[in-house]
Amino acid sequence: MTVAQNTLRLTAIGDGDGMMITPTGTESDFAELYQAGLDGLLADTGHLLIRGFAPGVEEFNELVRRYSARTTLDPARTFHGNAAQKVDSGHDPIGLHLENGATPFAPDLLWFHCVKAAKSGSETTVCDGFRVWEALSERARKVFADKPVKYARSNVPQAMWQRLAAHLTGGGATPAEMTVDHLYAVSNKGADVVFTEAGDGSLTYEYSVYAAHPTRTSSRIAWANSILGPSFNYEAPEIRFADGSLIPDDVIAEYTEVSEKVTEEIQWEDGDIVLIDNTRVMHGRRAITDPERTILNAQSYARS
């Protein structure tokens, strides 16, 4: 289905709810996207691909700002402007995950900007948690509905967690002034987390959250989490249920198979922007085959 909206066109992509936004004519004004209601469209689609506008990094940062109450970051990445960071996570495939989904700092919105597309391969993957939940067996759904999953991670360097806390605090304090109390204060509302600081300042945390849950804009259940996700810049977490029990092997096999069946690929073009509901749609990446590929990322909390 294709729908013209003023000078923007919406076109269905893939087998799910995702949509692509393109200009209707040869002359495109990127600023029109500032008033296009992307947040409302995202509630229906889960992810949006914006193509054909050829924005610069500054315009990308401005788009993020227009739809965000505040931004967050990955303290291991480098900033490009006030919101965008360069994605630098090696060349291996990356499993499906919510951005920062293994932490109590997961953003509402996830943004990508393709500065330079790969000549081939290196696709970003997206997987709608609504579709996974609907395809899981009754046994698997019961397992994840009954109890939360716990991510336990050790040895988070002091410089990284203090940088994150200083950014989210937003009061002009320096990273060196940040304490574990600040981390609790800036954790997502209602987060079930315990932080423990070691003598060298590094951090261990245990974070419990349901792997299947309502989304930011819907009471409908999505299987959307970071159980399959990466740990490129950090020590891999131990993942089990919050009561200490392991996720059954047959359930692991099932959600791995089901999620792959409904996973779609984004074939990047220069200038593309992708906006993802980070409470509903997981993302990942196929293996990098072109080292010149350059993708920027931004993470933010939606305006209420």
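Refer to the preceding data block for the structure.
### Digging into the overall build of the protein
Here is step 1 of the chain: Tallying secondary structure elements over the protein gives 7 helices and 20 strands in all.
Here is step 2 of the chain: In terms of its C-alpha atoms, the protein occupies a principal-axis envelope of roughly 60 × 50 × 40 Å.
Here is step 3 of the chain: For the protein, the share of sequence-separated contacts (at least 6 apart) that also reach a separation of at least 24 residues comes to 78%.
Here is step 4 of the chain: A total of about 13700 Å² of accessible surface is found on the protein, and carbon and sulfur atoms cover 49% of it.
Here is step 5 of the chain: Here the protein carries 27 positive and 42 negative side-chain charges, and the mean point of each set is 2 Å from the other.

### Let's talk about the nonpolar core
Here is step 1 of the chain: Core analysis: the biggest nonpolar cluster contains 44 residues, and Phe144, Trp223 and Ile227 have the highest contact counts within it.
Here is step 2 of the chain: For this core, the element with the most residues is helix α5 (residues 158-169), which contributes 5 residues.
Here is step 3 of the chain: Dropping the residues within four chain positions of it, Trp223 is found in contact with Gly129, Val132, Trp133, Leu136, Phe144, Ala211, Ala212, Tyr255 and Met282.
Here is step 4 of the chain: Membership of the second largest hydrophobic core comes to 24 residues, among which are Ile50, Val64, Ile273 and Ala302.

### Topic: the sheet that holds strand β19 (residues 281-285)
Here is step 1 of the chain: Overall, antiparallel pairing links the 4 strands, which are arranged β8-β19-β10-β17 in an open sheet. Taken across any chain shown, the strands that pair with only one partner, and hence form the sheet edges, are β8 (94-97) and β17 (263-266). Averaged over neighbouring strand pairs, the angle between their axes works out to 20° when direction is ignored.
Here is step 2 of the chain: Examined bridge by bridge, strand β10 (residues 124-128) and β19 share 5 bridges and lie antiparallel to one another. Across the sheet, Thr125 pairs through a bridge with Gly284, a residue of β19.

### Focus on empty space enclosed by the protein
Any space left empty among the atoms is revealed by the rolling of a water-sized probe across them.
Here is step 1 of the chain: Taken as a whole and judged by the stated rule, the model has 1 cavity of 30 Å³ or more.
Here is step 2 of the chain: By volume, the largest cavity amounts to about 80 Å³.
Here is step 3 of the chain: Around the largest cavity sit Gly16, Asp17, Gly18, Thr45, His47, Val126, Cys127, Asp128, Arg131, Val262, Glu264 and Val281, which together line it.
Here is step 4 of the chain: Its residues placed into classes, the lining of the largest cavity shows 4 nonpolar, 4 polar and 4 charged.

### Re the sheet that holds strand β16 (residues 238-241)
Here is step 1 of the chain: Spatially, β12-β13-β11-β16 is the arrangement adopted by the 4 strands of the open sheet, whose pairing is antiparallel. Lying at the two open borders of the sheet, with one neighbouring strand each, are β12 (192-197) and β16. On average, each strand axis in the sheet is tilted by 15° relative to the strand beside it, whichever way the strands run.
Here is step 2 of the chain: Strand direction decides the pairing type here: strand β11 (residues 149-156) and strand β13 (residues 203-209), joined by 6 bridges, are antiparallel. Its bridge partner lying in β13, Lys150 is registered against Ser208.

### Topic: the packing of aromatic side chains
Here is step 1 of the chain: Applying the stated criterion across every chain, the model contains 12 aromatic pairs.
Here is step 2 of the chain: Between Phe30 and Tyr34, the aromatic rings sit 5.9 Å apart at their centres with planes inclined by 90°, giving edge-to-face as the arrangement. The two residues Phe30 and Tyr34 agree in class, both being buried.
Here is step 3 of the chain: For the ring pair Phe105 and Phe195, a centre distance of 6.2 Å and an interplane angle of 15° mean the geometry is stacked. Residue Phe105 is located in the loop between β8 and β9 (109-116), and its partner Phe195 is located in strand β12; the two are separated by 90 residues in the primary sequence.
Here is step 4 of the chain: In this structure Phe105 comes out as buried when scored by relative accessible area, which is 6%.
Here is step 5 of the chain: Pairwise contacts between aromatic rings join Phe105, Tyr184, Phe195 and Tyr205 into one cluster.
Here is step 6 of the chain: The ring of Tyr301 is capped by Arg70, whose NZ or CZ atom sits 4.1 Å from the centre of that ring.

### Focus: unusual backbone geometry
Here is step 1 of the chain: Despite not being glycine, Asn100 shows a phi value in the positive range, around 55°.
Here is step 2 of the chain: As for its placement among the helices and strands, Asn100 is situated in the loop between β8 and β9.
Here is step 3 of the chain: Of note in this structure, Asn155 is not a glycine but carries a positive phi near 60°.
Here is step 4 of the chain: Along the chain, Asn155 falls in strand β11.
Here is step 5 of the chain: Judged by relative accessible area, which is 47%, Asn155 ranks as partly exposed.

Rules used throughout
Counting from 1, residues in each chain are numbered in the order their sequence is written. Predicted model: local features are reported for residues with pLDDT of at least 70 only, side-chain atom pairs are reported and counted for 80 or more only, and whole-chain, interface and lining totals are derived from all residues. Excluding hydrogens and water, the side-chain values take into account all heavy atoms of the structure. Under the scheme used here, helices are H or I runs from DSSP no shorter than 4 residues and strands are E runs no shorter than 2 residues, and both carry numbers assigned from the N terminus. Should any heavy atoms of two residues lie within 4.5 Å, those residues are counted as being in contact. Residue burial considers only the protein chains on display, and all accessible areas are found by Shrake-Rupley using a 1.4 Å probe. The convention is simple: Lys and Arg are positive, Asp and Glu are negative, and His and the chain ends are not counted. Where a charge lies is defined by one atom per residue type, namely NZ (Lys), CZ (Arg), CG (Asp) and CD (Glu). Residues grouped as a nonpolar core are buried Ala, Val, Leu, Ile, Met, Phe, Trp, Tyr and Cys residues, joined through side-chain atoms within 4.5 Å. Throughout, exposure labels follow a simple rule: accessible area from a 1.4 Å probe, protein chains only, divided by the maximum for the residue type, with under 20% read as buried, over 50% as exposed, and the rest as partly exposed. Being paired, for any two strands, means DSSP has found at least two bridges between them. As a rule, the C-alpha atoms of each element are fitted with a line to give its axis, helices using only the stretch in contact, and angles between N-to-C directions run from 0 to 180 degrees. The method works on a 1 Å grid over the protein atoms by themselves. A cavity is a set of points holding a 1.4 Å probe that cannot get out, a pocket is an open set with protein on both sides within 12 Å along at least five of seven lines, and residues with an atom within 4 Å of a point line them. Grid points are joined across faces, edges and corners, and a volume is the space filled by probe spheres set on the points. Asp, Glu, Lys and Arg are counted as charged, while Ala, Val, Leu, Ile, Met, Phe, Trp, Tyr, Cys and Pro are counted as nonpolar; the rest, among them Gly, fall into the polar class. Aromatic contacts are taken between Phe, Tyr and Trp rings whose centres are within 6.5 Å, Trp giving its six-membered ring; a plane angle under 30 degrees counts as stacked, one over 60 as edge-to-face, and the others as tilted. A ring is scored as having a charge over it whenever the NZ atom of a lysine or the CZ atom of an arginine sits within 6 Å of its centre and within 35 degrees of its normal.

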